[in-house]
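The residues making up each chain are set out below.
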Amino acid sequence: MSGQPYALRDAAAVITLDNPPVNGLGHALRSAIVAAVDAAQADPAVKAIVLVGAGKLFSGGADIREFNTPKASAEPTLHTVIRVVESSAKPVVAAIAGHCMGGGLELSLACHYRVASPDALLGLPEVKIGLLPGAGGTQRLPRAVGVETALNMIVSGNPVPAEQLRDTALVDRIVEGDLLPGALAFAREVADKRPLPRVRDRPAVEPNAEAFFQFARNTVAAVAKNFPAPGKCVDAVAASVSKPFEDGLKYERELFLQLIQSPESRALRHAFFGERAASKIPDVAADTPTRKVESVAVIGAGTMGGGIAMNFLNAGIPVTILEMKQEALDRGLATIRRNYESSVKRGKLTADKLEERMALLKPTLSYDDLRAADLLIEAVFEEMGVKEAVFRKLDEVAKPGAILATNTSTLDVNRIAAATKRPQDVVGMHFFSPANVMKLLEVVRGAKTAKDVLATVMQVAKKIRKTAVVSGVCDGFIGNRMVEQYLRQALFLLEEGAAPQQVDRAMEKFGMAMGPFRMSDLAGNDIGWAIRKRRYVERPHFVYSRVADRLCEQGRFGQKTGAGWYRYEAGRRDAIPDPKVDEIIAAYRKEKGIAPRRIDDAEIVERCVYALANEGARILEEGIAARASDIDMVYLTGYGFPLHRGGPMLYADMAGLYNVVRSMRRFEADPHGDPSFWKPAPLLAKLAAEGRNFND
Ligand SMILES: NC(=O)c1ccc[n+]([C@@H]2O[C@H](COP(=O)([O-])OP(=O)(O)OC[C@H]3O[C@@H](n4cnc5c(N)ncnc54)[C@H](O)[C@@H]3O)[C@@H](O)[C@H]2O)c1
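What comes next concerns the included structure. (Residues numbered from 1 in each chain as written. Predicted model: local features only at pLDDT ≥ 70, side-chain atom pairs only at ≥ 80, totals over all residues. Heavy atoms only, no water.)

### Concerning the overall build of the protein
So, step 1. Within the protein one finds 27 helices and 17 strands.
So, step 2. Here the C-alpha radius of gyration of the protein, 29 Å, is about what a compact globule of 696 residues would show, namely 26 Å.
So, step 3. In terms of overall dimensions, the protein has a C-alpha envelope of 90 × 60 × 50 Å along the principal axes.
So, step 4. Buried positions account for 54% of the 696 residues belonging to the protein.
So, step 5. In the protein, 91 positive and 84 negative side-chain charges are present, and the distance between their average locations comes to 1 Å. (Helix = DSSP H or I, 4+ residues; strand = E, 2+ residues; numbered from the N terminus. Rg over C-alpha atoms; globule rule 2.2 N^0.38 Å. Buried < 20%, exposed > 50% of the residue type's maximum accessible area, 1.4 Å probe, protein only. Lys, Arg positive; Asp, Glu negative; His and termini not counted. Charge placed at Lys NZ, Arg CZ, Asp CG, Glu CD.)

### As for the sheet that holds strand β8 (residues 160–161)
So, step 1. Across the sheet, which stays open at both edges, the 3 strands sit in the order β5-β7-β8 with mixed pairing between neighbours. Edge positions in the open sheet fall to β5 (99–101) and β8, since each of these has one partner strand only.
So, step 2. Pairing geometry for strand β7 (residues 121–123) and β8, over 2 bridges, is antiparallel. Across the sheet, Leu 121 pairs through a bridge with Pro 161, a residue of β8.
So, step 3. Each of β5 and β7 touches helix α3 (residues 103–110); the most contacted strand, β5, lies at about 85° to it. (Pairing = 2+ DSSP bridges. Contact = heavy atoms within 4.5 Å. Axes fitted to C-alpha atoms, helices over the stretch in contact; angles between N-to-C directions.)

### Notes on the pattern of salt bridges
So, step 1. For the structure on display, the rule yields 54 salt bridges.
So, step 2. A salt bridge links Arg 291 to Asp 425; its shortest N-O distance comes to 3.0 Å. Linking Arg 291 in the loop between α10 (263–278) and β10 (296–299) with Asp 425 in the loop between α15 (413–418) and β15 (426–431), this pair joins segments that are 134 residues apart in sequence.
So, step 3. For the salt bridge of Glu 569 with Arg 567, the shortest nitrogen-to-oxygen distance reads 3.5 Å.
So, step 4. Salt bridges sharing common partners tie together Asp 475, Glu 484, Arg 534, Arg 535, Glu 538 and Arg 539. (Salt bridge = Lys/Arg side-chain N within 4 Å of Asp/Glu carboxyl O.)

### Some words on the site of the ligand
So, step 1. What surrounds the ligand is a group of 22 residues, the closest being Met 304, Glu 323, Glu 382, Lys 387 and Asn 407.
So, step 2. At 2.7 Å from an oxygen atom of the ligand is found a main-chain nitrogen or oxygen belonging to Met 304.
So, step 3. Here Glu 382 contributes a side-chain N or O atom positioned 2.5 Å from an oxygen atom of the ligand.
So, step 4. Relative to its unbound accessible surface of 830 Å², the ligand loses 77% to contact with the protein.
So, step 5. Listing elements by their share of the shell around the ligand, those giving two or more residues are α11 (303–314), α14 (384–397) and β15.
So, step 6. When residues of the shell around the ligand are assigned to their parent elements, the largest contribution, 3 residues, is made by α14. (Near = heavy atom within 4 Å. Polar contact = N/O pair within 3.5 Å; in protein donor to acceptor, adjacent residues only side chain to side chain. Areas by Shrake-Rupley, 256 points an atom, 1.4 Å probe, with all protein chains shown as cover.)

### A short note on the side chain of Glu 378
So, step 1. Note that Glu 378 resides in strand β13 (residues 375–378).
So, step 2. A polar side-chain atom of Glu 378 sits 2.5 Å from a polar atom in the side chain of Lys 387.
So, step 3. Contact partners of Glu 378, with chain neighbours within four places excluded, come to Ile 299, Lys 387, Val 390, Phe 391, Ala 405, Thr 406 and Asn 407.

### Quick notes on the nonpolar core
So, step 1. Counting residues in each nonpolar core, the largest one holds 69 residues, and the members touching the most others are Ile 478, Met 507, Trp 565, Leu 684 and Phe 694.
So, step 2. Non-local contacts of Leu 684, meaning those with residues more than four positions away in its chain, are made with Asn 614, Ala 617, Leu 657, Val 660, Val 661, Met 664 and Phe 694.
So, step 3. Counting residues in each nonpolar core, the second largest holds 68 residues, with Val 81, Val 84, Leu 165 and Val 171 among its members. (Core = buried A, V, L, I, M, F, W, Y, C linked by side-chain atoms within 4.5 Å.)

### Describing the sheet that holds strand β11 (residues 319–322)
So, step 1. What the 8 strands build is an open sheet, ordered β12-β11-β10-β13-β14-β15-β16-β17; its pairing is mixed. Where the open sheet ends on each side, the last strands, each with one partner, are β12 (361–364) and β17 (467–472). Strand-to-strand, the axes of this sheet are offset by a mean angle of 25°, without reference to chain direction.
So, step 2. In this structure, β10 lies alongside β13, joined through 4 bridges in parallel fashion. Among the inter-strand pairings, Val 298 is bridged to a residue of β13, identified as Ile 377.
So, step 3. Packed on one face of the sheet, helix α12 (residues 326–345) meets β11 and β12 and runs near 160° to β12.
So, step 4. On top of the sheet, helix α24 (residues 628–638) reaches β16 (440–445) and β17; it is set at about 130° to β17, its chief contact.

### Focus on unusual backbone geometry
So, step 1. Omega for the bond connecting Pro 20 with Pro 21 falls within 30 degrees of zero, at 5°, which places this linkage in the cis form.
So, step 2. The residue Pro 21 is located in the loop between β2 (12–17) and α1 (27–42) in this model.
So, step 3. Here the residue pair Ser 433 and Pro 434 is connected by a cis peptide bond, since its omega of -5° sits within 30 degrees of zero.
So, step 4. Inspection of the secondary structure puts Pro 434 in the loop between β15 and β16.
So, step 5. With phi around 50°, Asn 23 is a residue other than glycine that occupies positive phi space.
So, step 6. With respect to the helices, strands and loops of the structure, Asn 23 is situated in the loop between β2 and α1.
So, step 7. A relative accessible area of 2% places Asn 23 in the buried class.

### Section: the packing of aromatic side chains
So, step 1. What the rule picks out here adds up to 15 aromatic pairs.
So, step 2. Plain terms: the ring middles of Trp 529 and Phe 557 are 6.2 Å apart, the flat faces sit at 50° to each other, and that makes the pair tilted. On the criterion of sequence distance, the pair formed by Trp 529 in helix α20 (residues 525–538) and Phe 557 in the loop between α21 (547–553) and α22 (579–592) is long-range, its members being 28 residues apart.
So, step 3. Under the relative-accessibility criterion, Trp 529 is labelled buried at 16%.
So, step 4. Taken together, the aromatic side chains of Phe 492, Phe 667, Phe 677 and Trp 678 make up a single cluster linked through ring pairs.
So, step 5. Here Arg 488 stacks its cationic end above the ring of Tyr 544, 4.9 Å away from the centre of that ring.
So, step 6. Positioned above the aromatic ring of Phe 542, the side-chain terminus of Arg 539 is 5.4 Å from the ring centre. (Phe/Tyr/Trp six-rings, centres within 6.5 Å; stacked < 30°, edge-to-face > 60°. Lys NZ or Arg CZ within 6 Å of the ring centre and 35° of its normal.)

### Some points on the pairing of strand β3 (residues 48–53)
So, step 1. The element β3 is largely enclosed, with a buried count of 6 among its 6 residues.
So, step 2. Because side chains alternate across β3, one face comprises the buried residues Ala 48, Val 50 and Val 52, and the other comprises Ile 49, Leu 51 and Gly 53, equally buried.
So, step 3. With α1 bridging β2 and the parallel β3, this β-α-β connection has right-handed handedness.
So, step 4. Here β3 pairs with strand β4 (residues 92–96) via 4 bridges, running parallel. Its bridge partner lying in β4, Val 50 is registered against Val 93.
So, step 5. After leaving β3, the chain enters helix α2 (residues 78–86) and then returns to the sheet as β4, a path that is right-handed. (Right-handed = clockwise from strand over helix to strand, strands pointing away.)

### Regarding the state of the cysteines
So, step 1. Inspection of the entire model under this criterion finds 0 disulfides.
So, step 2. Cys 552 carries a free sulfur, and the closest cysteine sulfur to it, the one in Cys 608, is 18 Å from it. (Disulfide = S-S within 2.5 Å.)

### Observations concerning helix α18 (residues 500–510)
So, step 1. For α18, the full list of buried residues reads Pro 500, Gln 502, Val 503, Asp 504, Ala 506, Met 507 and Phe 510.
So, step 2. Looking at the buried residues of α18, the elements they touch are α17 (477–496), α19 (516–523), α22, α23 (601–621) and α25 (648–655).
So, step 3. Positive phi shows up at Gly 511, right after α18, with a value of about 125°.

As structure tokens, then:
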């Protein structure tokens, strides 16, 4: 290009947005665009300018790698680029293929014309990270596509195909076939037309503005309860109608700055980056070769085995499922079919697809049928002896290089691996129930698990659309190890004076999908009881409230027995407070000589969430989790922790670790419960003393 920042083609300066993988508008690219537009102004051979994306897309918007760095706001900012493009004396044509998102769409709206491939996707997804489009999107889009369409796009954040926008000023021409020649032909046609059309000069019209925006505000308030961004999007779009363009831009800026400082946006951005970070394992290079996984075997067709199998069937991967007895196999298959049938009834799946998926499933009673499988996942009873026997068998039949995974929730993956002669091929794949629905997959890394096995499992997780988080081997891995402390604390709260429904209500108001007692009733109180009985022996120095044991001694295992912390009516899941539970708790307090006191909701939330964060800190310092955001991803995707709070570790960060430790000292001084519980984990104490965060 001989030093020229653009390619001259047919009297048009072609400026290519080139910043893989998504042509993010990072600082270098922004500078290059300004330099190229300036040079094109000065070049008498240039009659028009065409902006086009390198590769298959226009631009994915801001370069997320620059987030939270000085480069993000360094000049030329996107605002400057937009001003330079919009005020060009020569027509600028955006040639849009593939994704044109966020800042990419805002940039194209500043161009004088836009041509697009029919399947190009245009959208402003900022709301999904708790923001609004802050570079004029809320003011220009309504002027280009109409107020209602713009509002829908901005509030939902969902992209729209160019084809659907062909009759609007956003898409001046749909180009079938090769985009660039089409864009150049268009540029030739408009090269001499003056004045240059600008989206900002168009009116944004809504005849019944007041009623329209009030209706929009009500609708948004009802669905976006915990998030301020959608409401602010409505306000910003309303300003495009009620204010002159420049005032609207200023107002958009104001709202943007408010949102970027909101805890909800911080939480959403944390989750957005946390999801990406979790897929990277610090000592496993991104280019580690992976093993091929084209067929899967599942051992055990119970609750988990069936759900696990469905994940692979949904992804078009054939599954062989093994059971010990024909009846169990039939039952497992019938459950899978029933699950799919209910999706068909709800209109989520076609009858053909159901049959297609079932055809990929091969039931068997013979280990011989597992010889060809690339990945074998065990989901049999939670007993070490049974698991060891299964793994010995898998070691005999699995082909060399096959990955052997266990879905154990509590057992030592290293011991399971030691039952084979190939511990490097053994890994934990801890799915959550219902396994075909829950997003979380804890990938448990054994002491000998090979790096390519980990890399492969992370890739498989993506294919079956799970959020995979790597955990080291420890009792309960990341999620259940933390939840044990959370539940322990919830039980202390009962002893000291709270009722189960008060604790649940406080935690649900905080945003948990389910309070700890409703959750225990769903999971089965007998499971926690079994764990506690083990703990009484293994950890005799730990104080546990025995109040839950009293409940279990009466057979109150939760929903499955019709009674637990609540009672349940046949066929219904509503948790109904039960005076019998109050009696059990009152009798327990009496026996222990505890005079109940009033506990407020704020104390309930602090104690339960800080119990999680403190154990999370131990998990971090032991290296069980690689980063705090991994722990948060476990809680957001597997434990119903509220997204707008960002996870227990970010919540603690936002409260300030200094304040967290202060609260813990206060709880420690309380004569009730277990004072040793509140000893801050060394990492937490250290970070708090240094004024730092878990997520620094
Ligand atoms: N249920 C949950 O919420 C949950 C969540 C995560 C992990 N897990 C783990 O998943 C595993 C399975 O749990 P589940 O809830 O599906 O239990 P389940 O009792 O519903 O299913 C276990 C199945 O394994 C079969 N089985 C037992 N021994 C076998 C053998 N030797 N060969 C072949 N099949 C055998 C049984 O017939 C049964 O159908 C356990 O390790 C459990 O800890 C369970």
